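Close look at the chain arrangement
One letter stands for each residue in the lines below.
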Amino acid sequence: RIQQEQMLNFFKESINSKKKFLLIDSPTGIGKSFFAIMAMKWYIENINQYAKFDILTNTKILQTQYTNEFDFIKSIKGKNNYNCEKWNLNCEDGQALNKLNKSECDNCPYESAYAEFLNAKVGLANFHVYLSYLMYVPTFIDKRESGVLFVDEAHSFEEVFCEFISSTISRNSMNRWGIKDDKLLSKLDRIGSIETYIKFVYNDLLPVLINKYGELKEQCKLASTQNVKLKILKDYSHLDKVITRFNRFLDESKDDIDKWVFYKEKDREGLTVLKTELVWGKDHLNKVWDNYNHVIFMSGTILDRDFFKSYMGLKEDVVYMNLDSPFDVKNRLVYNLDIGKLSYKEKTETYKDLPDVINAILKKHKNEKGIIHTNNYEISNLLMKNIKNDRLIFHESEDREERLQEHLFSSNASVIVSPSMTNGIDLKDDFSRFQIIVKVPFPNLASPKVKKRLHTMPDWYTWKTLVEILQGYGRSIRSESDYANTYILDSCFNNILRMNRKMLPKYFLDALVEI
């Protein structure tokens, strides 16, 4: 493809110019994975014949797509994704049983995959597994000795990083850690700031966790049955990671607590939940980037070079290219229906018309599958109550994947209704011939973290909104032969167009149809 050649030429020029950070803004269908392989081949032939490469992507599904296309890529996933034949369990539990019985497997599929990953010319991991190794097995990067990193779906990496080093304390989590001390549990309700949270973790929680860790070790020795020992060992392993995470939080937060945000919420049972999150990953991401000679960020939603450079904590100059969509515009039209604003103050009036508008779209596409992006459960519940149509499949946070599979495998013209499927799913071809973006997906201002991000980097709020719109747009048009209509209902989209048109890519604006 022409676009792949353009990307390869950009890569060659950038590497020859000694650039470390490359930003490639390319919509769905460009063939980013094939470009990455072409770039590696050129790098080996022209820069370093001994070079090793890492690819990071956001989900296990995308990992599988890479390995299906290129069988020489060695992929690593979490231990529970591999089956231990000896114990007929996943490898995480199998290794625990081996530890109990002072035995080992002749050929552990996880250990084999990990060894292949460490030694491979091209290694592949998802964000969560990579960050897990970075936190719990930091020597793996030195063992891997890779010099070039490709980050696919790069727009998501910073948020995954921040979530990964967040910490949460609740009565449920403390019960999971084996803490039954009512006096300690009651202190949760009295914690009201990050300062008191840190003191609680350091003075109260960690000593109890460390003591519990030692108790579990002794209990494991005395357990009478293998099943009991296995449960204790799993609790022991889990507690080890919890302690590591809290120690990491204390170490990271000691220099500047203003870089963290504190939440105090209630769970479904009305019990206190405490959470801390890093506001920005940019001051910490150099711990990843410093391990590589070159880092190539690939996404369809980088959108702004200067913003993305700051957002990702890139200290050196960056080079940037963006590409147009290779798909025929008539196959990917976006209809701006402008039915009314769904902002907090005006949504009640617009809600009155919403079911009728969506029913009309459903009737137009009566024999086709589709997706409705609601952006929140309030709108999902509104549609569930007011649209009586057995084509619609709704989900809760707990059964999201099951309901998606139901949609994919249904023989009917089903329509999945979701507040959380703008990223990471593939609804190619007949899996979706239309999609409805009900509400402009502004970040939730009720979130303390969103408020702090808006205050410290206002451009992020606009960028994040555009990313979610464009990612949602990309769910249903996945190849040159694919086609789907997109309908945007929220009149707040007009404000986006008026104030931020320059940030929207040409391929999206070309497809826009004003009604």
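See above for the structure.
A brief structural summary. (Residues numbered from 1 in each chain as written. Predicted model: local features only at pLDDT ≥ 70, side-chain atom pairs only at ≥ 80, totals over all residues. Heavy atoms only, no water.)

**Observations regarding the overall build of the protein chain**
When you go through the protein chain residue by residue, the secondary structure sums to 22 helices and 19 strands. Against the globule reference of 24 Å for 515 residues, the protein chain gives a C-alpha radius of gyration of 25 Å, in line with a compact fold. Taking all 515 residues of the protein chain together, 54% fall into the buried category. Sequence-distant contacts, at least 24 apart, represent 76% of the contacts inside the protein chain between residues at least 6 apart. Accessible surface, the protein chain as shown: approximately 24400 Å² in total, 49% of it carbon and sulfur. With 74 positive and 71 negative side-chain charges, the protein chain shows a separation of 2 Å between the mean positions of the two kinds. (Helix = DSSP H or I, 4+ residues; strand = E, 2+ residues; numbered from the N terminus. Rg over C-alpha atoms; globule rule 2.2 N^0.38 Å. Buried < 20%, exposed > 50% of the residue type's maximum accessible area, 1.4 Å probe, protein only. Contact = heavy atoms within 4.5 Å. Areas by Shrake-Rupley, 256 points an atom, 1.4 Å probe, with all protein chains shown as cover. Lys, Arg positive; Asp, Glu negative; His and termini not counted. Charge placed at Lys NZ, Arg CZ, Asp CG, Glu CD.)

**Some points on the layout of surface pockets**
Here the second largest pocket defines a volume of roughly 870 Å³. Along the wall of the second largest pocket there are 38 residues; nearest its centre are Thr28, Gly29, Lys32, Gln65 and Arg478. Of all the secondary-structure elements, those providing two or more residues to the lining of the second largest pocket are helix H2 (32–46), helix H3 (60–69) and helix H20 (459–473). Considering each element in turn, the lining of the second largest pocket owes the most residues, 5 residues, to H3. Residues belonging to the lining of the second largest pocket are distributed by class as follows: 12 nonpolar, 14 polar and 12 charged. (1 Å grid on protein atoms, 1.4 Å probe; cavity = no way out; pocket = protein on both sides within 12 Å on 5 of 7 lines; lining within 4 Å. Points joined across faces, edges and corners; volume = space filled by probe spheres on them. Nonpolar A, V, L, I, M, F, W, Y, C, P; charged D, E, K, R; others polar.)

**Section: the sheet that holds strand E6 (residues 122–126)**
Taken together, 7 strands build an open sheet; the order of strands is E3-E6-E2-E7-E11-E1-E12 and the sheet is parallel. Of all strands in the sheet, those bounded by a partner on one side alone are strand E3 (74–76) and strand E12 (318–322). The average undirected angle you get between the axes of adjacent strands in this sheet is 20 degrees. Pairing between strand E2 (residues 53–57) and E6: 5 bridges, direction parallel. (Pairing = 2+ DSSP bridges. Axes fitted to C-alpha atoms, helices over the stretch in contact; angles between N-to-C directions.)

**Observations regarding unusual backbone geometry**
Of note, the phi angle at Lys18 is positive, near 65 degrees, even though the residue is not glycine. With relative accessibility at 71%, the residue Lys18 sits in the exposed group. Phi angles above zero are rare outside glycine, and Lys102 is one such case at about 50 degrees. Along the chain, Lys102 turns up in the loop between helix H4 (91–101) and helix H5 (109–119). For Lys102, a relative accessible area of 80% gives the class exposed.

**Examining the packing of helix H16 (residues 354–364) against helix H17 (residues 377–386)**
Between H16 and H17, the shortest axis-to-axis distance is 10 Å and the interhelical angle comes to 75 degrees. With respect to their mutual orientation, H16 and H17 come out roughly perpendicular. Along its contact with H16, which presents Leu354, Pro355 and Ile358, the element H17 presents Ile379, Leu382, Leu383 and Asn386. Here the residues of the contact of H16 with H17 are counted per class, giving 6 nonpolar, 1 polar and no charged. (Parallel < 35°, antiparallel > 145°, perpendicular 65-115°, else oblique.)

**With respect to the sheet that holds strand E9 (residues 260–266)**
One open sheet holds the 3 strands; their spatial order is E8-E10-E9, and the pairing between them is antiparallel. Each edge of the sheet is formed by a strand with only one pairing partner; in this case those strands are strand E8 (167–170) and E9. Mean inter-strand twist for the sheet, computed between neighbouring axes without regard to direction, equals 15 degrees. In the sheet, E9 pairs with strand E10 (residues 272–278) via 7 bridges, with the strands oriented antiparallel.

**Here's the deal with the environment of Ser432**
Among the structural elements, Ser432 can be located in the loop between strand E16 (415–418) and strand E17 (434–437). Ser432 gets classed as buried once you look at its relative accessible area, which sits at 0%. Along the primary structure Ser432 and Tyr351 are separated by 81 residues, whereas in three dimensions their C-alpha atoms are 25 Å apart. Leave out the neighbours within four places in its chain, and Ser432 touches Lys369, Gly370, Ile371, Leu427, Ser476, Tyr483 and Ala484. From its side chain, Ser432 meets the backbone oxygen of Phe434 in a polar contact 3.0 Å long. (Polar contact = N/O pair within 3.5 Å; in protein donor to acceptor, adjacent residues only side chain to side chain.)

**Brief notes about the nonpolar core**
In this structure, Ile169, Trp289 and Phe297 are the most contacted members of the largest nonpolar core, which totals 114 residues. Residues within four places of Phe297 in sequence aside, it is in contact with Phe21, Leu22, Leu23, Ile24, Val151, Ala154, Trp289, Ile302, Phe308, Met312 and Leu314. (Core = buried A, V, L, I, M, F, W, Y, C linked by side-chain atoms within 4.5 Å.)

**A few points about the packing of aromatic side chains**
Per the stated rule, a full pass over the model turns up 35 aromatic pairs. On the basis of an interplanar angle of 75 degrees and a centroid distance of 6.4 Å, the ring pair of Phe35 and Phe150 is categorised as edge-to-face. You can see Phe35 sitting in helix H2 and its partner Phe150 sitting in strand E7 (residues 148–152), a full 115 residues away along the chain. The exposure classification of Phe35 matches that of Phe150, with both residues buried. Judged by centre distance (5.0 Å) and plane angle (85 degrees), the ring pair of Phe127 and Phe157 falls under edge-to-face. (Phe/Tyr/Trp six-rings, centres within 6.5 Å; stacked < 30°, edge-to-face > 60°.)

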